[in-house]
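Examination of the molecular architecture
Each chain is listed here by its residues.
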Amino acid sequence: METAICGRLPLSPNHVFNSKPGDKHSLCKGQCTTLGIPMAVSATGRGKGGGLLDRPIIEKTTPGRESEFDLRKSRKTAPPYRVILHNDNYNKREYVVQVLMKVIPGMTLDIAVNIMQEAHYNGLAVVIICAQADAEDHCMQLRSNGLLSTIEPAGGGC
């Protein structure tokens, strides 16, 4: 059983605190079996008194893996969403490629052309899979440039 110190004890810088059973300033209740209690002592200066016992520092001795696991566990990842481009009969193919390269970060000409062709021939194409907030942003940007787009959860299914 551990006992906490409720208050501070004035000490001189040279004072050594060893508790003994029956001591007036003992931290033990009842029978004291410990010979010494590690504490941090801060002294305000040399010579006479002025030092105070600081609150004991309790360090967690958890292994690195466990704390990394807890960190990953607490940091939940947002489920991925698909940004889908739908074919329309209004926009030219070149314009669709330009908008895709402008709106989607890292979009190359070749990938933009492939997405545009897939939407043209199949009716729709997946533009990017990302977090929901990013997917909504990309979808709104595509729509503001005159393209038809939607988002849907990317989890499971075909």
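This text follows the structure it describes.
What follows concerns the overall build of the protein chain. On a plain count of helices and strands, the protein chain comes out with four helices and six strands. Counting from the amino terminus, the protein chain carries its helices and strands in the arrangement β-β-β-α-β-α-α-β-α-β. Here the protein chain, with 158 residues, has 22% of them falling under the buried criterion. Look at the contacts in the protein chain between residues 6 or more apart in sequence, and 62% of them connect residues 24 or more apart. Of the roughly 12100 Å² that the protein chain leaves accessible, carbon and sulfur atoms contribute 54%.

Within the largest apolar cluster, 20 residues are counted, with the highest numbers of intra-cluster contacts made by Leu85, Leu100, Met107, Ile115, Val127 and Leu142. Secondary-structure elements contributing two or more residues to this core are strand S4 (80-86), helix H2 (93-103), helix H3 (109-122), strand S5 (124-131) and helix H4 (132-144). Among the elements that make up this core, the one with the highest residue count is H2 (five residues).

This brings us to the packing of H2 against H4. Between H2 and H4, the least distance of the axes is 10 Å, while the angle of their chain directions is 145°. Of the two elements, H2 crosses H4, and the hand of that crossing is right-handed. Across the interface between the two elements, Val99, Leu100 and Val103 from H2 touch His138, Gln141 and Leu142 from H4. Taken together, the residues of the contact of H2 with H4 sort by class into four nonpolar, two polar and no charged.

We now examine the layout of surface pockets. Computed from the structure, the second largest pocket encloses a volume of approximately 150 Å³. As for the second largest pocket, its lining consists of 14 residues, and the residues nearest its centre are Asn87, Asp88, Asn91, Val96 and His120. Secondary-structure elements contributing two or more residues to the lining of the second largest pocket are S4, H2 and H3. When residues in the lining of the second largest pocket are grouped by element, the largest group, three residues, is from H3. Grouping the constituent residues of the lining of the second largest pocket by class yields six nonpolar, five polar and three charged.

Definitions and limits used
Residues numbered from 1 in each chain as written. Predicted model: local features only at pLDDT ≥ 70, side-chain atom pairs only at ≥ 80, totals over all residues. Heavy atoms only, no water. Helix = DSSP H or I, 4+ residues; strand = E, 2+ residues; numbered from the N terminus. Buried < 20%, exposed > 50% of the residue type's maximum accessible area, 1.4 Å probe, protein only. Contact = heavy atoms within 4.5 Å. Areas by Shrake-Rupley, 256 points an atom, 1.4 Å probe, with all protein chains shown as cover. Core = buried A, V, L, I, M, F, W, Y, C linked by side-chain atoms within 4.5 Å. Axes fitted to C-alpha atoms, helices over the stretch in contact; angles between N-to-C directions. Left-handed = near helix turned anticlockwise from the far one by under 90°. Nonpolar A, V, L, I, M, F, W, Y, C, P; charged D, E, K, R; others polar. 1 Å grid on protein atoms, 1.4 Å probe; cavity = no way out; pocket = protein on both sides within 12 Å on 5 of 7 lines; lining within 4 Å. Points joined across faces, edges and corners; volume = space filled by probe spheres on them.

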